[in-house]
Amino acid sequence: MTDERSARPNPQQAQQALDTVAESHRALAPFVRSPGWLYPAQGVGMSLFIIGLVLFTSHGWATVALGTSIIIFCVLPVLQTERSRVILDVYTHPGSRVLGLLYLAGFAVLVTGALVVHALSGGEWAAYVAGLLALALTLVCGPAMDKKLAASIRASH
């Protein structure tokens, strides 16, 4: 009697297994999307983070904004995991990684720009403008990353 687990598949069996995996990926693609509340909540967290960070030394309430943003960032992954059927990270998956990196770079530019403008001019408006831009960036890039990820999964073999 032979042990079937140790037997190597023939080329036809291997191809059939690969085709089955590819079909499973394609069938999964329409279900890959983040909950509708995720990116607005993330955008609010990003905005509060920038505003809190930039105005940290000049306003006492900025500490609350910064703390609230950190709480949002900690709670979002837990809520998404418990409420979603399929969790794929849009920031690390090869199909959407470039767009995710561009999004994070854009956020870093907004933070840096707001800190520099505020330090040079003292204008609080820089924090608020950067916060609004971070919200807009998140609302645009988040769904775009989801679409890119779904297209990548749909096209995978």
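**Some thoughts on the overall build of the chain**
Phase 1: Along the backbone of the chain there are five helices and zero strands.
Phase 2: The secondary structure elements of the chain, listed N-terminal to C-terminal, are α-α-α-α-α.
Phase 3: When the 157 residues of the chain are sorted by exposure, 31% land in the buried category.
Phase 4: Of the contacts made within the chain by residues no fewer than 6 positions apart, 77% connect residues no fewer than 24 positions apart.
Phase 5: When the accessible surface of the chain is split by element, carbon and sulfur atoms take 68% of a total near 9900 Å².

**Remarks on the UniProt feature "transmembrane region" (unreviewed entry) in the chain**
Phase 1: Listed under "transmembrane region" (unreviewed entry) in the UniProt record, and renumbered for this structure, are residues 36-55, 61-79, 100-119 and 125-145.
Phase 2: Here residues 61-79 runs as 100% helix and 0% strand, with 26 Å between its end C-alpha atoms.
Phase 3: Structurally, residues 125-145 is divided into 100% helix and 0% strand, and its ends, taken at the C-alpha atoms, are 29 Å apart.

**Regarding the packing of aromatic side chains**
Phase 1: Counted according to the given criterion, the structure contains two aromatic pairs.
Phase 2: Where Phe49 meets Phe107, the ring centres are 6.0 Å apart and the plane angle is 40°; that geometry is what we call tilted. Here the residue Phe49 occupies a position in helix H2 (residues 38-54), and Phe107 occupies one in helix H4 (residues 97-121), the gap between them amounting to 58 residues.
Phase 3: For Phe49, a relative accessible area of 22% translates into the label partly exposed.

**Some details on the nonpolar core**
Phase 1: If you look at the biggest cluster of nonpolar residues, it comprises 16 residues, and the most contacted ones within it are Ile50, Val54, Leu55, Phe107 and Ala134.
Phase 2: Elements that contribute at least two residues to this core include exactly H2, H4 and helix H5 (125-155).
Phase 3: Among all residues touching Ala134, those that are not within four sequence positions of it are Met46, Ser47, Ile50, Phe107 and Leu110.

**Side note on the environment of Val54**
Phase 1: Relative to the helices and strands, Val54 is located in helix H2.
Phase 2: Overall, the relative accessible area of 4% leaves Val54 in the buried class.
Phase 3: It is 9.1 Å that separates the C-alpha atoms of Val54 and Val116, two residues lying 62 residues apart in sequence.
Phase 4: In contact with Val54, not counting residues within four places along its chain, are Ala114, Leu115, His118 and Ala127.

**Brief notes about the packing of H2 against H5**
Helix packing geometry: the angle between the two helix axes and the distance between the axes.
Phase 1: For the pair H2 and H5, the least separation of the axes is 8 Å and the interaxial angle reads 150°. Taken together, H2 and H5 sit at an angle that is classed as roughly antiparallel. By crossing handedness, the relation of H2 to H5 is classed as right-handed. Mapping the contact onto sequence places Tyr39, Pro40, Gln42, Gly43, Val44, Met46, Ser47, Ile50, Ile51 and Val54 in H2 and Ala127, Tyr128, Ala130, Gly131, Leu132, Ala134, Leu135, Thr138, Leu139, Gly142, Pro143 and Asp146 in H5.
Phase 2: Grouping the amino acids of the contact of H2 with H5 by side-chain chemistry returns 15 nonpolar, six polar and one charged.

Rules behind the numbers
Residues numbered from 1 in each chain as written. Predicted model: local features only at pLDDT ≥ 70, side-chain atom pairs only at ≥ 80, totals over all residues. Heavy atoms only, no water. Helix = DSSP H or I, 4+ residues; strand = E, 2+ residues; numbered from the N terminus. Buried < 20%, exposed > 50% of the residue type's maximum accessible area, 1.4 Å probe, protein only. Contact = heavy atoms within 4.5 Å. Areas by Shrake-Rupley, 256 points an atom, 1.4 Å probe, with all protein chains shown as cover. UniProt positions renumbered as here; feature names shortened; annotations may be inferred. Phe/Tyr/Trp six-rings, centres within 6.5 Å; stacked < 30°, edge-to-face > 60°. Core = buried A, V, L, I, M, F, W, Y, C linked by side-chain atoms within 4.5 Å. Axes fitted to C-alpha atoms, helices over the stretch in contact; angles between N-to-C directions. Parallel < 35°, antiparallel > 145°, perpendicular 65-115°, else oblique. Left-handed = near helix turned anticlockwise from the far one by under 90°. Nonpolar A, V, L, I, M, F, W, Y, C, P; charged D, E, K, R; others polar.

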